[in-house]
Amino acid sequence: MSKTGFSAPRASLKYNVFFTDSALEGLGHYDPTFKKLPGQNDVVTGRKVQPSYSLYYSNPLNEKIAFTLGASYSARMIDWILFNPTWDIVRMVHTANSVNTVRNYTKRQAYSGSMDWRISPNDLLTVSLQRNVQDGYSSGSSFAYNLGAGNTGDRDFAQGAATGVSTTNRNYTVNRQERTVDVYSLNYKHNGPEWKFTGLLTYSEGTYKASPNDEFFTGVTTTNSLHGNLILRMDGLHAIHEIRNPVYTATNRAGEPVDIFQGNTLSITQATAVTNLRDNNALVVGFNAEREFNWTLPVRLKTGFLIDRTERSLTGDTITYAFNPPGGAAGRAVTNYDVLATDYAGYTLLKDIQGNPQRVVHVSTQKLYNLFRQNPTWFTSNETSRYTNWVTNNRELEETISAAYLRGDVRFIDNRLLVVGGVRFERTDDKGAGPRDDISAIYQKNPDGTLARTPAGALIPLTTDALGQARLRYTALGTTTDKSYDGLFPSVNSSFEIRKDLIVRAAYARTIGRPELAEIIPGSTVADPTAADTARTITVNNAALKPWYAHNFDLTLEAYGIKGGSSSVSFFQKDVTGFFAETSAPATRELVESYGLAWDEVYNTYTVLSKRNAGSASIRGIELAHRQSLIFLPGWGKRIQVFANLTKMEVSGPDADSFNFSPLRYNWGIGYYGRKFIFNFNGAHGDDLKQALQNVSASIPPGTYAYRLDYPRYDVSFEYNFSKRLGVYANVRNLTGSGTRYYAYNSSTPDYATPDQFQYAGALITLGIKGEW
């Protein structure tokens, strides 16, 4: 799209009409259909092939005034599968798995308009408006099994004990998300012979709402009458690596076969309706000025400032309903009601390793909500839980980032050496409020402030009413913070032209990495003092958490135009200090009060869990890149280009084990760039991304880390232009449907026992036409 209405010499209209689709197992298994596919409920029942469009019109009315208008609509419906296999990597036995089938349906609309006023040949004023609206539904249906105590197995099978302690469960999550963002901007640009100025004023309002919208429950929990008399066996555990399930065999203790996929053995125990609201307002003001001075050496100076203020509020409401129809436990059985998603069971994403469909019958959260509307007295809400969740989800934060900079560009040695240096001052001011959790507030106290106790040593509650205790204990926005931090961030970049086709670059910069807003909004959760010693914890959002800082060094050699190719080699080092670390420490008065909590002697037996700035590490690496035009080939072969780049890293330092990084990443591709036809094929590969150290347990040995792998990924695209007015194109992202895989292992864990979670979203397909009039 054009930057301003003056970018094109005359009025023009650009159009793009396209369709989106997905293929869960990659393009090789693509089976396009325009049929409406059943979902777990009506809101995610629809066609996978979705139409979309975008239009952009620009018109320079005259030398002074120009305007632009834009509109777009896009939609996508995607099926996901998430596998969560669990292994006991001490005994090397598979113990459990859950398979979650998810349907995502998202619609996005965007509208924009701008007007440009050329005040003078050197001055341009632009006013623009943008509105973005997104409406999305997500519905997940989970089928889980646990083999139970005494299970056995090896790398490819798992067997539950003959005592019949295996279990299966089905749970459901659904939500609707509505997002709206409005942006109002005023930009000024002066491009004079000596001075150049730019000014920016932007205000935006954003809202986010996730709620059932009186259509469905956002969560449903069930029980299964098979429990206590079920023996499960799984064969072909390697199937999970192939978007497949193992072959299930189920019997009861009498040896009789059991259908674990049917819905008739389910009972409904609980339903939830969760609503989350977020408001986000932002104001950005900025100004930049630059001028070139013809001193002994040519010097260009730039300066400016930016103020970015954000106000964010979060609220939520979680209603938990116990299902208590007439008839007690027998009345909760699904066979008493029309609440099963029978059509959805006929459309299955699940297959076993032999290719047989596994048609799991699920509860429809929409049908169950209809039952609630017809019989509201059967659903009993937990007001204590609702109040607690409301307080916990009620948070506010105001953050203001103020920055100013001074930069100078200087050229030496007949303009062959360019040095760009400067310094940026940045200050951050945070004010926030979050929930206050004071467990001692529900108990009687002695005149000296200590907790009163019975002769037997038990604490004495002020009230035995659960809701009354929750109102005493939890206070909305009862914890506040007001903090600021600032710093100077110098940087220097230099480039030296050894010859026209050979350049060496060197750079240094001090950078900053701020914590997520959710990590610094104040709030705390305190365990009950009557809990076991190991469970007495105070979990605190550390509002005093500061950013991490890094010193970055880069050295690069670049070669251009050598027989149609260009290459570069870069060496880099990043020294990071103060990155975030999980902490655990015994509660003391000083520590508890440092988080803004009132001290009470009951906390003497507690442990405080939080985050702090603790880590330091150094990252060193090398990057290699090459792009080659095959100009030595005859005819159309001259238009072919190939490229490859590789990044190799290592981490050292006192906290290297806490740093998330992937040792090796590389990309490659081939493309054809003709006058009318363009084709690209790209591949991405890499090592496991090392993540957190896992807690030692009976099934997790010491030295076990979590890892993530997003590779390999392949993308392909082509475009053919019949004329400026008409072109066709197609692209496929993640061509083979490769999933994101999470692992947990140590140096002695065999490959088959490493899976922890697999996420498959498949290949994303776009086919369209475009042009300009």
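Before reading further, recall that the structure is shown in the block above.
Calculation rules
Residues numbered from 1 in each chain as written. Predicted model: local features only at pLDDT ≥ 70, side-chain atom pairs only at ≥ 80, totals over all residues. Heavy atoms only, no water. Helix = DSSP H or I, 4+ residues; strand = E, 2+ residues; numbered from the N terminus. Buried < 20%, exposed > 50% of the residue type's maximum accessible area, 1.4 Å probe, protein only. Contact = heavy atoms within 4.5 Å. Lys, Arg positive; Asp, Glu negative; His and termini not counted. Charge placed at Lys NZ, Arg CZ, Asp CG, Glu CD. Patch = residues over 30% accessible without salt bridge, like charges linked within 9 Å, V, L, I, M, F, W, Y side chains within 5 Å. Areas by Shrake-Rupley, 256 points an atom, 1.4 Å probe, with all protein chains shown as cover. Salt bridge = Lys/Arg side-chain N within 4 Å of Asp/Glu carboxyl O. Phe/Tyr/Trp six-rings, centres within 6.5 Å; stacked < 30°, edge-to-face > 60°. Lys NZ or Arg CZ within 6 Å of the ring centre and 35° of its normal. Arc of directions from axis to C-beta. Polar contact = N/O pair within 3.5 Å; in protein donor to acceptor, adjacent residues only side chain to side chain. Axes fitted to C-alpha atoms, helices over the stretch in contact; angles between N-to-C directions. Parallel < 35°, antiparallel > 145°, perpendicular 65-115°, else oblique. Left-handed = near helix turned anticlockwise from the far one by under 90°. Pairing = 2+ DSSP bridges. Core = buried A, V, L, I, M, F, W, Y, C linked by side-chain atoms within 4.5 Å.

Draft legend 1. Here's a closer look at the overall build of the protein. For the protein, the helix and strand inventory stands at seven helices and 35 strands. In terms of overall dimensions, the protein has C-alpha extents of about 90 × 75 × 55 Å along its principal axes. Residues counted as buried form 44% of the 773 residues belonging to the protein. A fraction of 71% describes how many contacts in the protein between residues 6 or more apart in sequence connect residues 24 or more apart. In the protein, 78 side chains carry a positive charge and 72 a negative one; their mean positions are 7 Å apart.

Draft legend 2. Quick look at a positive patch on the surface. A grouping of Arg108, Arg179, Arg278 and Arg312 is seen on the molecular surface, where their side chains present a positively charged patch. Following the sequence through the fold, Arg312 ends up in strand β15 (residues 298-323). The class for Arg312 is partly exposed, based on a relative accessible area of 31%.

Draft legend 3. Layout of the pattern of salt bridges. If you walk through the whole model with that rule in mind, you get 27 salt bridges. Asp235 is the salt-bridge partner of Arg233, the closest N and O atoms lying 2.9 Å from each other. A salt bridge links Glu290 to Arg300; the nearest nitrogen and oxygen atoms lie 2.9 Å apart. With Glu290 in strand β14 (residues 266-294) and Arg300 in strand β15, this pair connects stretches of sequence that are ten residues apart. Among the charged side chains, a network of salt bridges with common partners joins Asp135, Arg176, Glu178 and Glu215.

Draft legend 4. Quick look at the packing of aromatic side chains. This structure, assessed with the given rule, holds 36 aromatic pairs. Summarising the aromatic geometry, the rings of Tyr145 and Tyr248 are spaced 5.4 Å apart at their centres and angled 80 degrees between planes, so their arrangement reads as edge-to-face. Note that Tyr145 is positioned in strand β6 (residues 123-146) and Tyr248 in strand β13 (residues 247-251), a separation of 103 residues in sequence. Like Tyr145, the residue Tyr248 is buried in the burial classification. Ring centres 5.8 Å apart and planes at 10 degrees place the aromatic pair Trp195 and Phe197 in the stacked group. Looking at Phe197, the relative accessible area reads 23%, which means it is partly exposed. Through a chain of ring-to-ring contacts, the aromatic side chains of Phe217, Tyr321, Phe323, Tyr337, Tyr369, Phe372, Trp378 and Phe379 assemble into a single cluster. The side chain of Arg278 reaches across the aromatic face of Tyr208, ending 4.7 Å from its centre. Over the ring of Tyr729 we find Lys770, and its NZ or CZ is 5.6 Å from the ring centre.

Draft legend 5. Looking closely at helix α4 (residues 383-393). Along α4, the residues that are buried comprise Tyr387, Thr388 and Val391. Summarising the axial view, the buried residues of α4 lie within an arc of 95 degrees, below the 170-degree limit, and thus occupy one face. Tucked into the core, α4 has its buried residues touching β18 (417-437), α5 (466-473) and β19 (474-499). Its side-chain oxygen placed 3.2 Å from the backbone nitrogen of Thr384, Asn382 serves as the N-cap of α4.

Draft legend 6. Representation of the packing of α4 against α5 in the model. Where α4 meets α5, the closest approach of the two axes is 8 Å, and the angle between their N-to-C directions is 15 degrees. With respect to each other, α4 and α5 are oriented roughly parallel. α4 and α5 meet at a crossing whose hand is right-handed. Residues Glu383, Thr384, Tyr387 and Thr388 of α4 form the contact with α5, whose own contacting residues are Ala466, Leu467, Ala470 and Arg471.

Draft legend 7. Examining a nonpolar patch on the surface more closely. The grouping of Leu13, Val17, Tyr53, Leu55, Phe722, Leu726, Ile769 and Trp773 at the surface amounts to a nonpolar patch, some 690 Å² of accessible area in total. Counting only elements with at least two residues in the nonpolar patch, the list comes to β1 (12-23) and β2 (50-60). When you line up the elements, Phe722 lands in strand β31 (residues 713-723). Classification of Phe722 by relative accessible area gives partly exposed; the value is 47%.

Draft legend 8. Quick peek at the pairing of strand β10 (residues 195-211). Across 16 bridges, the pairing between strand β9 (residues 167-191) and β10 is antiparallel. Following the sheet pairing, Val181 is matched in β10 by Gly206. Counting the residues between successive antiparallel strands, the hairpin from β9 to β10 contains three residues.

Draft legend 9. Representation of the nonpolar core. If you look at the biggest cluster of nonpolar residues, it comprises 38 residues, and the most contacted ones within it are Ile81, Phe83, Leu230, Leu232, Met234, Tyr248 and Ile260. Elements supplying a minimum of two residues to this core: β3 (65-83), β6, β12 (231-235), β13, β30 (705-709), β33 (740-745) and β34 (755-760). No other element matches the three residues that β30 contributes to this core. Residue contacts for Ile81: discarding those within four places in its chain leaves Leu24, Val99, Asn100, Thr101, Ile243, Leu349, Leu350, Phe758, Gln759 and Tyr760.

Draft legend 10. Just the sheet that holds strand β8 (residues 157-159), in detail. Pairing within the open sheet is antiparallel, and its four strands lie in the order β7-β8-β12-β13. Both edges of this open sheet fall to β7 (152-153) and β13, since each of them pairs with a single strand only. In the sheet, β7 pairs with β8 via two bridges, with the strands oriented antiparallel. Residue pairing across strands places Thr152 opposite Gln159, the latter belonging to β8.

Draft legend 11. Up close: unusual backbone geometry. The linkage connecting Tyr711 with the following residue, Pro712, adopts the cis geometry, with an omega of -5 degrees. Tracing the chain through its elements places Pro712 in the loop between β30 and β31. Positive phi, close to 60 degrees, is recorded for Met92, a residue that is not glycine. Of note, Met92 is situated in the loop between β4 (86-88) and β5 (93-120). The phi torsion at Asp414 lies on the positive side, around 55 degrees, for a residue other than glycine.

Draft legend 12. How the structure looks around the side chain of Thr101. Secondary-structure assignment places Thr101 in strand β5. A polar contact of 3.2 Å, which involves the side chain of Thr101, links it to the side chain of Tyr344. Each residue touching Thr101, except ones within four places of it in the same chain, is listed here: Trp80, Ile81, Ser139, Gly140, Ser141, Tyr344, Leu349 and Leu350.

Draft legend 13. Region of the structure containing the pairing of β19. Here β18 runs beside β19; their pairing, made up of 20 bridges, is antiparallel. Along β19, the bridge assignment pairs Asp430 with Lys483. Where β19 lies against strand β20 (residues 502-513), eight bridges are found, and the strand directions are antiparallel. Each bridged residue has a counterpart across the sheet, and for Asn493 the counterpart in β20 is Ala507. Taking the residues between adjacent antiparallel strands as the criterion, β19 and β20 are bridged by two residues.

Draft legend 14. Geometry of the environment of Leu609. With respect to the secondary-structure elements, Leu609 resides in strand β25 (residues 607-629). As for Leu609 and Pro490, which are separated by 119 residues in sequence, their C-alpha atoms are 35 Å apart.

Draft legend 15. Spotlight on helix α3 (residues 365-374). Those residues of α3 that fall on the buried side of the exposure criterion are Thr365, Gln366, Leu368, Tyr369, Leu371 and Phe372. Residues of α3 that are buried make contact with β9, β11 (219-224), β14, β15 and β16 (379-381).

These results come straight from atomic positions and should not be treated as a statement about function.
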